[in-house]
Amino acid sequence: MFKRACIFLLLFLYLYTLTFNVFMTGVFRVPAPFLAVPLVFFFYDEPLNGFKYTKELVVLFLAALFYYLIGQANIITFISVMITFTCCALFFNYFIGNNLKRLQLSVFLFFFFLVCSALVMLLNHHYRIEDIRSMLVGETVQQSPSGISTYIFSFGYQLSALVAFLAVFITAARKGVILSILVIAICGVLIFYGLQRSVLMTFSICLLLFLTIWYRFRAVLLFSFIFIIAVSFKSSVEGLSSGAQQNILTKNERSKNEGENREALVTENLKVIADHPFGLILSGMDWKDVVKHNVFYKSGTGVITSHNAYLMFLTYLGIIPGLLFLYLIYARVVRITWSVLKHAKDKKNTLLIALCMSFLGISLNACFHNEWLLAASGPTLFLYFCILQLSRIKANQASIDN
């Protein structure tokens, strides 16, 4: 009983810090990812059959080396992301191992934290709970309303993972059409009040892809029904774009009034890549050097990025090396996702396909913001290694059954 309590407490704390990107707080001056160390050394899963993530860590190490250390001369970020990568890989390889129950418990805790963050976001619309939010993340909250995060965009990564998982899991688990529609509606409400335009796009893409594969020809009727419902409530929803209420529509109106132009940021970034196809590293420059006179990237006395993590990566490393690293990082997960989508109706794939769609949603969200896998985004990192480990567990079980 004592051993189980220790395991659960350490697991709870580690996944909490990973989910909410807690690295080091003002109270605890030790990197939070080290919470995985006692789980790995004292409560590892038997039998130990070697370390399976050498290739992934080498690729992530080299990509981070070029991007952060050489490209941006940011040694602190480089060290912190490598600590996070390594601890997460050790956690899944040794603590989770071949233990499906441990993986399922980890997945449950992960999405439990995301649900809690979504509820905090809803409360933050009506109550001033910034002090509570600051306490939960261990640093000062910068934007509201939001969930357990310092910035609204960070909450977007949490929400993109949550809504895609819930919608796909409920449908794939065959819980009934009515419950699936209800869950999708709840996801829509969370996106609407979470002020997440990017999540709306990524969620729509994931849902469209999955439902098309799941329902095949019937998906046309389903999408037609959803379109008719959306048109019917269009006027009612548009009425929410005015007033003091904060939602995705009022945020969109405010962005238009402030002259925000995300498309121009991406277009200008593509021009920078075209001008420096071999990367800023070989050019001996950094982002500030090439955009300091570009009005689209002016922000007060400083500059901003294009808010596209992948384009920024290609900007520094160059087109060919950047695309090569992206392929090496994502190739295995893409293969797993493609394989599981081809067998979507298999009940044994319910959890894996939901995790894959969740990872797809959170990865697409990086097209609109700066966080992504290489930035050691906690939710992205958890889903990445979770998919790889669950796939390995299923392969081991299949070999034993045969």
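Our subject is the structure that appears above.
One structure accompanies this document, and this report is about it. All of these numbers come straight from a predicted model, not from anything done at the bench. (Residues numbered from 1 in each chain as written. Predicted model: local features only at pLDDT ≥ 70, side-chain atom pairs only at ≥ 80, totals over all residues. Heavy atoms only, no water.)

Bringing the pattern of salt bridges into the picture now. A complete count under the given rule lists two salt bridges for this structure. E56 is the partner of R332 in a salt bridge, and the nearest nitrogen-oxygen pair spans 3.3 Å. Of this pair, R332 sits in helix α17 (residues 319-342) while E56 is found in helix α3 (residues 54-71), placing the two residues 276 residues apart along the sequence. The exposure class of E56 is buried, given its relative accessible area of 10%. Across the pair E268 and K271 runs a salt bridge, and its minimum N-O distance is 3.2 Å. Of this pair, E268 and K271 both sit in helix α13 (residues 262-275), three residues apart, which is roughly one turn of the helix. Residue K271 is classed as partly exposed on the basis of its relative accessible area of 43%. (Salt bridge = Lys/Arg side-chain N within 4 Å of Asp/Glu carboxyl O. Helix = DSSP H or I, 4+ residues; strand = E, 2+ residues; numbered from the N terminus. Buried < 20%, exposed > 50% of the residue type's maximum accessible area, 1.4 Å probe, protein only.)

Let us now look at the packing of aromatic side chains. Within this structure, the stated rule accounts for 35 aromatic pairs. With centroids separated by 5.6 Å and ring planes inclined at 25 degrees, the aromatic side chains of F210 and W214 adopt a geometry described as stacked. Taken as a pair, F210 and W214 lie in helix α9 (residues 197-215) at a separation of four residues, close to a single helical turn. The class of W214 is buried, set by a relative accessible area of 6%. Above the ring of Y53, the side-chain terminus of R392 is found at 4.9 Å from the ring centroid. (Phe/Tyr/Trp six-rings, centres within 6.5 Å; stacked < 30°, edge-to-face > 60°. Lys NZ or Arg CZ within 6 Å of the ring centre and 35° of its normal.)

What follows concerns the side chain of S377. By secondary structure assignment, the location of S377 is in the loop between α18 (350-365) and α19 (378-401). Leave out the neighbours within four places in its chain, and S377 touches N21, Y157, E371 and W372. (Contact = heavy atoms within 4.5 Å.)

What follows is about the nonpolar core. Core analysis: the biggest nonpolar cluster contains 119 residues, and F91, L355 and L374 have the highest contact counts within it. Per element, the largest residue contribution to this core is 12 residues, and it comes from helix α4 (residues 75-96). When sequence neighbours within four positions are dropped, the list of residues in contact with L355 reads V107, F111, F165, L383, C386, I387 and L390. (Core = buried A, V, L, I, M, F, W, Y, C linked by side-chain atoms within 4.5 Å.)

Each α-helix winds once per 3.6 residues, and so residues spaced three or four apart point in a common direction. Buried within helix α6 (residues 130-137) we find R133, S134 and V137. Relative to the axis of α6, the buried residues are bounded by an arc of 100 degrees and lie together on one face. Turned more than 90 degrees off the buried face of α6, the exposed positions are D131 and M135. If you follow the buried residues of α6, they end up packed against α5 (100-124). (Arc of directions from axis to C-beta.)

This part takes up a positive patch on the surface. Taken together, the side chains of R174, R216, K345 and K347 present a region of like positive charge at the surface. You can see R174 is positioned in the loop between α7 (152-172) and α8 (177-193). Assessed through its relative accessible area of 39%, R174 is described here as partly exposed. (Patch = residues over 30% accessible without salt bridge, like charges linked within 9 Å, V, L, I, M, F, W, Y side chains within 5 Å. Areas by Shrake-Rupley, 256 points an atom, 1.4 Å probe, with all protein chains shown as cover. Lys, Arg positive; Asp, Glu negative; His and termini not counted. Charge placed at Lys NZ, Arg CZ, Asp CG, Glu CD.)

So, on to a nonpolar patch on the surface. On the surface, V30, F34, V37, F41 and F42 cluster together into a nonpolar patch covering about 520 Å² of accessible area. Mapped onto the fold, F41 is located in helix α2 (residues 36-42).

Another aspect to go through is unusual backbone geometry. Residue P145 is reached from S144 by a cis peptide bond, and omega for that bond is -5 degrees. Mapping P145 onto the fold places it in the loop between α6 and α7. Backbone geometry places L195, a non-glycine residue, at a positive phi of 60 degrees. Judged by its relative accessible area of 2%, L195 is buried.

We now examine the side chain of S358. Along the chain, the position of S358 falls in helix α18. Classification of S358 by relative accessible area gives buried; the value is 0%. Here S358 is in contact with F111, S160, A161, A164, F165 and L383, once residues within four sequence places are set aside.

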